[in-house]
Amino acid sequence: MTLHSNDTLISDTLLSKSLIAADYNPTHDAMLQRTLKRIALKKEQGLRTPDELWIVDHNDVYTLGQAGKEEHILQHTTTPIIKTDRGGQVTWHGHGQLVIYWLFDLHSLGWSVRHLVSHAEQAIEDVVNDCLKNHPLATTTNISAHARRDAPGVYLYANHADTISNNDIDKNDTNKSNNELNDNAIMIGKIASLGFKIKHGFSYHGIALNVDCDLAAFNAINPCGYAGMQMLRLSDFSAMDTQLADALNYEQVTQKLIDNIAQRHAGLIELRAIAPKS
C-alpha cells in the first residue's frame, strides 16, 4: 500500500485522509474511483485493502441525493447545486462543517448497513455529548445529542431540569440527566446529517457535523427534506475559542470524532440499543 502525503495510518486496517477547501465533484469522483478500485482488488485478487476516513473541508455546495426532490430547494443562490449518488435529500456542505466520508468494507467488518448507520450516529452522539459535558456554555446544562429511528441524523434535545427530580439521578452518575432523554425532552434541532452509498458491500459518502459553520446557508433549502427543520451548530452550545486553553476548537472536535470512529472500527466500542422512534 502506498501512503500519500495527506494520508495518516491509524491502524493496519484504517487510514485517514484530509482534504482542505475541496470542491465537491473532484472529491466525489476520487472517492468513487477509490471504492471501485478496492472492489476490484477484492474480487480479482482477494485483497482486503485498508478502510479509509476522508476528513473534508468542502467549499460551499448544495448536494441532492439520488431520490432528492427539487421542491426542497427553496431558493437558488450562487452556491452550486450538485446531484449525487448518496441516499437522502438536499443538504449543504461548507467551511466550518466537519464532513467525514466512510470508505469501509462492510463485509470484512461484519457490519450490516444498519450497523454502519448506527455506528455513525452513535459516534456523533458520543463526541457532541462529550463536548456539551466538558465545555458547556451557560445555556447548555440539560442539552444532549440523540439519534432518531424515524429521521436519520443526530439531534439536540432539551431535558428540562424541572422535570428531573433528584431521585431520578444516579448519585454515581452526575451526568445522567445530560446523557439520557426524559419523557418531557423537547427536540430543538438537528446538528448532524448522514447519507451513505453502498456498492458491492463497500460504503462511501458519510456524515456532516455542524461545528462552527454559517447556518444561514440552510435557509435556502428544506434540510434533508424536512420543511422547517431547525439546523444547529456545536459552537452555539459548547465553548469554542482558539485563544482559550480550556475551550474547544475545530481540530479537537475532528480528532475526537476520528478517535471514536477508529475505536468502533477496531471493535472496541459496541453499539448501544437503537434509538426509539420519536
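Structure: see above.
Attention here is on the structure that accompanies the text.

Procedures and definitions
- Residues numbered from 1 in each chain as written.
- Predicted model: local features only at pLDDT ≥ 70, side-chain atom pairs only at ≥ 80, totals over all residues.
- Heavy atoms only, no water.
- Helix = DSSP H or I, 4+ residues; strand = E, 2+ residues; numbered from the N terminus.
- Polar contact = N/O pair within 3.5 Å; in protein donor to acceptor, adjacent residues only side chain to side chain.
- Contact = heavy atoms within 4.5 Å.
- Pairing = 2+ DSSP bridges.
- Axes fitted to C-alpha atoms, helices over the stretch in contact; angles between N-to-C directions.
- Right-handed = clockwise from strand over helix to strand, strands pointing away.

### Here's the deal with the side chain of H58
Alright, step 1. Along the chain, the position of H58 falls in strand 3 (residues 51–58).
Alright, step 2. Within polar-contact distance, the side chain of H58 engages the backbone oxygen of A22 at 3.1 Å.
Alright, step 3. At 2.8 Å, the side chain of H58 and the side chain of Y101 are in polar contact.
Alright, step 4. In this structure H58 touches A22, D23, Y24, T27, H93, G94, H95, V99 and Y101, once residues within four positions along its chain are discounted.

### Describing the sheet that holds strand 6 (residues 90–93)
Alright, step 1. One open sheet accounts for three strands, arranged 5-4-6; its pairing is mixed. Each of the sheet's edge strands pairs with one partner strand only, and the pair in question is strand 5 (81–83) and strand 6. On average, each strand axis in the sheet is tilted by 30° relative to the strand beside it, whichever way the strands run.
Alright, step 2. Relative to strand 6, strand 4 (residues 61–64) runs antiparallel, the two being bridged by four bridges. From the neighbouring strand, V61 faces strand 6, where its bridge partner is H93.

### Regarding the pairing of strand 2 (residues 14–22)
Alright, step 1. As judged from the four bridges shared by strand 1 (residues 7–11) and strand 2, these two strands associate in the antiparallel manner. Considered in strand 2, the bridge of T8 is made with S16.
Alright, step 2. Between strand 1 and strand 2, which pair antiparallel and follow one another directly, the connecting turn spans two residues.
Alright, step 3. Examined bridge by bridge, strand 2 and strand 3 share seven bridges and lie parallel to one another. In the sheet register, L15 faces strand 3, and the bridge partner there is E52.
Alright, step 4. Where the polypeptide runs from strand 2 across helix 1 (residues 24–45) and back to strand 3, its parallel neighbour, the crossover connection is right-handed.

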